[in-house]
Amino acid sequence: RDRSPSRGLGDVYKRQLLWCLFAVMLQAARVDTVLVRSAAMNKDVKVVYVLPDKAIGKQACPVVYLLHGYGGNETTWPGLKPELKDYADRENLIFVCPNGENSWYWDSPLNEDSQFETFVSRELVSYVDGHYRTLPSREKRAITGLSMGGHGALWLAIRHQDVFGAAGSTSGGLDIRPFPDNWDMKEQIGAKDAGVCDWDDYTAINQTGKLKDGALWIIFDCGYDDFFFEVNQAFHQKLLERGIMHDFIVRPGAHTGEYWSNSIDYQILFFLKFFRESH
């Protein structure tokens, strides 16, 4: 039997390495896909959760809801930003990524199975707080999204300020009216001039009258080469006219995954500041 010192030392190193790998595995964020029941739509909705190690244990954590764009689903944000797992563990954040289909996050008056305003703002928030270790208050909830999801995040947050305390948008379609034939919107609320719904009532920019300065922390951004750049500027101007302070960022970029992956870093920092300063 080989009892040489070098062999014994090697065994020690191996054991130490195994313990280090085990510790890393224990501390790694978990990514779960869950079916959440919607009573409003009478169906199950897929939701991806990115859970920090501490939320799996005993520590309650703030929650950031991430909404995808048109043609996306619950996997959009985790696929676009794998670093969400790092943010989750480092900052003790829970990320929630629901499948919003192509709903624009409205309660559609035409489709009973597309009631995503109710689902996200009520049913999903209730499920998350009931099944995970969250801090269940508006001061510890933020919501943002890309493109259609940017519209959805601000639409929901402004209309449900009792639920969300901070909101964002990246490359958001914040005024739908210039795009009457795009992205299946008329499947949800009827054609713009058909008289089914007044499009003025279904666009995020016209919800700004519900805001009071300081009541909702707001951050949104758009790239110079994005086809939504003008409506984002208009949203910014509308908030200025109403005296609603906010962060509006413009930078080089277009309607691309590369832009959104960069943008979300700044928005997470904004939300972390909100969580720290809100009580």
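The structure under discussion appears in the preceding block.
Residues numbered from 1 in each chain as written. Predicted model: local features only at pLDDT ≥ 70, side-chain atom pairs only at ≥ 80, totals over all residues. Heavy atoms only, no water.

A.B. asks: Would you explain the pairing of strand S6 (residues 166-170) in this entry?
C.D. replies: Remark: a regular strand shows side chains that alternate across the two faces of the sheet. Of all five residues that make up S6, five are buried, and the element is covered over most of its length. Note on the crossover from strand S5 (residues 141-145) through helix H6 (residues 148-159) to S6: the handedness is right-handed. Here S6 runs beside strand S7 (residues 217-223); their pairing, made up of five bridges, is parallel. Along S7, the bridge assignment pairs Ala-166 with Trp-217. (Buried < 20%, exposed > 50% of the residue type's maximum accessible area, 1.4 Å probe, protein only. Helix = DSSP H or I, 4+ residues; strand = E, 2+ residues; numbered from the N terminus. Right-handed = clockwise from strand over helix to strand, strands pointing away. Pairing = 2+ DSSP bridges.)

A.B. asks: Explain the sheet that holds strand S8 (residues 247-251) here, please?
C.D. replies: The strands making up a sheet associate through backbone hydrogen bonding, with each pair oriented either parallel or antiparallel. Strand order across the open sheet formed by eight strands is S1-S2-S4-S3-S5-S6-S7-S8, with mixed pairing between neighbours. Whereas interior strands pair on both sides, the edge strands pair on one side only; in this sheet they are strand S1 (30-38) and S8. Within the sheet, the average angular offset between the axes of one strand and its neighbour, ignoring direction, is 20°. Note that strand S3 (residues 63-67) and strand S4 (residues 94-98) share three bridges and pair parallel. (Axes fitted to C-alpha atoms, helices over the stretch in contact; angles between N-to-C directions.)

A.B. asks: Whenever I open this one, the side chain of Asn-99 confuses me. Can you help?
C.D. replies: Inspection of the secondary structure puts Asn-99 in the loop between S4 and helix H5 (116-131). A distance of 3.4 Å separates the side chain of Asn-99 from the side chain of Glu-74, its partner in a polar contact. Within polar-contact distance, the side chain of Asn-99 engages the backbone nitrogen of Glu-101 at 2.8 Å. (Polar contact = N/O pair within 3.5 Å; in protein donor to acceptor, adjacent residues only side chain to side chain.)

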